[in-house]
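Spelled out, the chains give:
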Amino acid sequence: MNLPRIILGSRSPRRKELLTQLLPETQIEVMPPIDPEEAGFEQLHDWDAIQQQLISICTEKNTDVFQQRQADASVPILTADTIGVVKRQAGDLVVLGQPPVESDWQETVRQWFLNHYAGKTHLVLTGVCLRYQQQVMLQIAETEVTFHDQEYVRARLDWYLSTQESRGMAGGYAIQGAGSIFVNRIEGSLSNVVGLPLETVFEMLNRSQTE
């Protein structure tokens, strides 16, 4: 992989930190999208619609950065978006975003942990968009995350909420932080759950150099 520079279209310090595991920090230029607004998933409850929305979001982020660079794609532009997906008893899917910023965020996260996470498996998806020269590459990485049982989660949940780590975190927990104590098993990419699937990004960057 011979890349002198790459543009990371993200406000997330976690994504930049992860990307430095593949490339020296001096080769990474951070250029967040101008528009911080993202389309929501509130009305989407089936697999295809959720995936399409995820791809749409990371593609729009990429286009935003591309336009900031005055349509110059001589340097690769990388954007991503990560979501958590749970299945309700009725069988439909629900995307869990960031907890509300208001004072009731703790109750929201509590309900997520007890109703959707404890003793169950949920999915973490990251849509990745890489633009380089004449090509735009898109991919979705999936990781299954299984939490410990209800008793285990209940016994530790008050303490976890007191750390306030959930605030601003998609899905209400950070697997790279204190939230890791609830995780019993993961299947797939760990870095995907943090916010950037390094295996997927590595493959896409390599492919962009050969196609």
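Our subject in this report is the structure included herewith. Since the model is a prediction, treat every value here as computed from it, not as a measurement.

For the rest of this paragraph, the subject is helix H6 (residues 198–210). In an α-helix there are 3.6 residues to a turn, and that puts residues three or four apart on one side. Counted at 1.5 Å a residue, the expected span for H6 with its 13 residues is 18 Å, and the 19 Å between its end C-alpha atoms agrees. For H6, every residue scored as buried is listed here: Leu-198, Thr-200, Val-201, Met-204, Leu-205 and Ser-208. Buried positions in H6, seen along its axis, are confined to an arc of 160° and lie on one side of it.

Turning next to the pairing of strand S3 (residues 77–87). Burial analysis of S3 places 10 of its 11 residues in the buried class, which makes it a mostly covered element. Summarising the sheet, strand S1 (residues 6–8) and S3 pair through 2 bridges and their orientation is parallel. Its bridge partner being in S3, Leu-8 is matched across the sheet by Leu-78. Two elements, S3 and strand S5 (residues 121–132), share 9 bridges in a ladder whose sense is antiparallel. In the sheet register, Leu-78 faces S5, and the bridge partner there is Leu-130. As judged from the 4 bridges shared by S3 and strand S4 (residues 93–96), these two strands associate in the antiparallel manner. Its bridge partner lying in S4, Val-85 is registered against Val-95. Between S3 and S4, which pair antiparallel in sequence order, lie 5 residues; one of them, Gly-91, sits at a positive phi of approximately 100°.

We now examine the environment of Glu-29. Residue placement: Glu-29 occurs in strand S2 (residues 28–30). The exposure class assigned to Glu-29 is partly exposed, which follows from its relative accessible area of 25%. In this view, Glu-29 contacts Arg-5, Ile-6, Ile-7, Leu-8 and Arg-69; residues no more than four positions away in its chain are not counted. There is a polar contact of 2.4 Å between the side chain of Glu-29 and the side chain of Arg-5.

Within this structure, the stated rule accounts for 11 aromatic pairs. For the ring pair Phe-113 and Phe-182, a centre distance of 5.1 Å and an interplane angle of 80° mean the geometry is edge-to-face. Of this pair, Phe-113 sits in helix H3 (residues 105–117) while Phe-182 is found in the loop between helix H4 (150–163) and strand S7 (183–187), placing the two residues 69 residues apart along the sequence. This pair shows no difference in class: Phe-113 is buried, exactly as Phe-182 is. Three or more aromatic residues link up through ring pairs in this structure, and these residues are Phe-113, Tyr-117, Phe-147, Trp-159, Tyr-160, Tyr-173 and Phe-182.

Here we take up helix H2 (residues 47–68). Its 22 residues give H2 an end-to-end C-alpha distance of 32 Å, which sits within 8% of 32 Å, the value for a rise of 1.5 Å per residue. Backbone nitrogen of Asp-48 and a side-chain oxygen of the N-cap are separated by 3.4 Å at the start of H2; the cap is Asp-46. One or two steps after H2, the chain reaches Gln-70, where phi turns positive at roughly 55°.

What follows is about the state of the cysteines. On inspection of all chains with the given rule, the structure shows 0 disulfides. With no disulfide of its own, Cys-58 has Cys-129 as its nearest cysteine by sulfur position, at a separation of 5.4 Å. Given the relative accessible area of 0%, Cys-129 is considered buried.

The rules we used
- Residues numbered from 1 in each chain as written.
- Predicted model: local features only at pLDDT ≥ 70, side-chain atom pairs only at ≥ 80, totals over all residues.
- Heavy atoms only, no water.
- Helix = DSSP H or I, 4+ residues; strand = E, 2+ residues; numbered from the N terminus.
- Expected span 1.5 Å × (residues − 1).
- Buried < 20%, exposed > 50% of the residue type's maximum accessible area, 1.4 Å probe, protein only.
- Arc of directions from axis to C-beta.
- Pairing = 2+ DSSP bridges.
- Contact = heavy atoms within 4.5 Å.
- Polar contact = N/O pair within 3.5 Å; in protein donor to acceptor, adjacent residues only side chain to side chain.
- Phe/Tyr/Trp six-rings, centres within 6.5 Å; stacked < 30°, edge-to-face > 60°.
- Disulfide = S-S within 2.5 Å.

Purely geometric stuff here, so don't read any function into it on its own.
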